[in-house]
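Structural overview
So the chains spell out like this:
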Amino acid sequence: MKVGFIQMEPKLLDLNANLSKAERFIKEAAKKEAKLIVLPELFDTGYNFESKEEVEEIAQQIPDGETTLFLMEQAREHELFIVAGTAEKDEKGKLYNSAVIVGPIGSSYIGKYRKIHLFYREKLFFEPGNLGFHVFNIGIAKVGVMICFDWFFPEAMRTLALKGADIVAHPANLVMPYAPRAMPIRSLENRVFSITANRIGEERGLRFIGMSQINSPKAEILLRASEDKEEVGIVEINVEEARNKMLNEFNDIFKDRKRQYYEL
């Protein structure tokens, strides 16, 4: 199957402009026959908020908000699956840094993930995620979802892998340089594919590093984007590679785990 990322520069607090830009890039990905596309964290809102009131004004419910409905429409029109980061306001008014996964079949909405490990000033605006880590079966693959700073905690990707993920979708707004170096190793130690979709640009003095990438279960960087250009990156993968957890004839990375020594 062909999978990919959209690396873009959202416009802070401009929902219409961001959805319009995403629509163009999703169309481009569809022309390249992608079946799974990952968009950045908070692709529809921008990131560097000054106040909680800014987030409250632009955040939406899932799946009934404009962003999720837009993504569902795009998934159906182009017959692909999309994972994308968005600001969520729940029915009680609580705010979450979330990601939705939608597809081309039926109602199109598949599920959501709320970011568990909040980074820096995100703690001023969002509640920590309370839904846990989930793997979504899209038929052609099993997709786990985590968001940006979750990568820093090995338990996040390991949990998704243990739950059966073939691919980990990783919407991000990376500002530190470490994730592009670390994610190939996260893929290797869990024997899964990973797709990091980062953003570019500068927002109220905060610079984002780009370098979206797709990594293989062997720590290969199959594709890496630039640091400063909007791009659609697509590669073809063999999902079966992520289902073989053998490093050699003696070592299965999951069966060799010694859980009794890991608990603290």
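So, a few notes on the structure that sits alongside this text. (Residues numbered from 1 in each chain as written. Predicted model: local features only at pLDDT ≥ 70, side-chain atom pairs only at ≥ 80, totals over all residues. Heavy atoms only, no water.)

Quick look at helix α3 (residues 66-78)
Stated precisely, the cut-off is as follows: A helix here means a DSSP run of H or I that spans at least four residues, while a strand means a run of E at least two residues long, and both kinds are numbered starting from the N terminus. Here, expected helix span is obtained from the residue count minus one, scaled by 1.5 Å. Relative accessibility thresholds used throughout: buried, under 20% of the residue-type maximum; exposed, over 50%; partly exposed, between the two (1.4 Å probe, protein chains only). Whether two residues are in contact is decided by their heavy atoms, any of which lying within 4.5 Å being enough.
Here α3 spans 18 Å end to end across 13 residues, near enough to the 18 Å set by a 1.5 Å rise per residue. Buried residues of α3: T67, T68, F70, L71, M72, Q74, A75 and H78, and no others. Tucked inside the fold, the buried residues of α3 contact α1 (15-31), β3 (81-89), β4 (95-102) and β5 (109-114). E79 lies just past α3 and shows a positive phi near 55°.

Overview of the sheet that holds strand β8 (residues 167-171)
Remark on secondary structure: sheet strands pair via backbone hydrogen bonds, oriented parallel or antiparallel. The line we're drawing: By this definition, two strands are paired if DSSP reports at least two bridges between them. Angles shown run from 0 to 180 degrees and are taken between the N-to-C directions of axes, each axis being a line fitted to C-alpha atoms and, for helices, limited to the stretch in contact.
Within the open sheet, the six strands sit side by side as β6-β7-β8-β9-β12-β13. Their pairing is mixed. Edge strands, defined here as strands with exactly one partner in the open sheet, are β6 (135-137) and β13 (221-224). Going from strand to strand, the sheet's axes swing by 20° on average, the running direction of each strand aside. Where β6 meets strand β7 (residues 142-145), three bridges bridge the pair, whose relative direction is antiparallel. Bridged to F136 within β7 is V143. Each of β8, β9 (193-197), β12 (213-215) and β13 touches helix α5 (residues 179-190); the most contacted strand, β12, lies at about 25° to it.

Read these as geometric descriptors, not functional statements.
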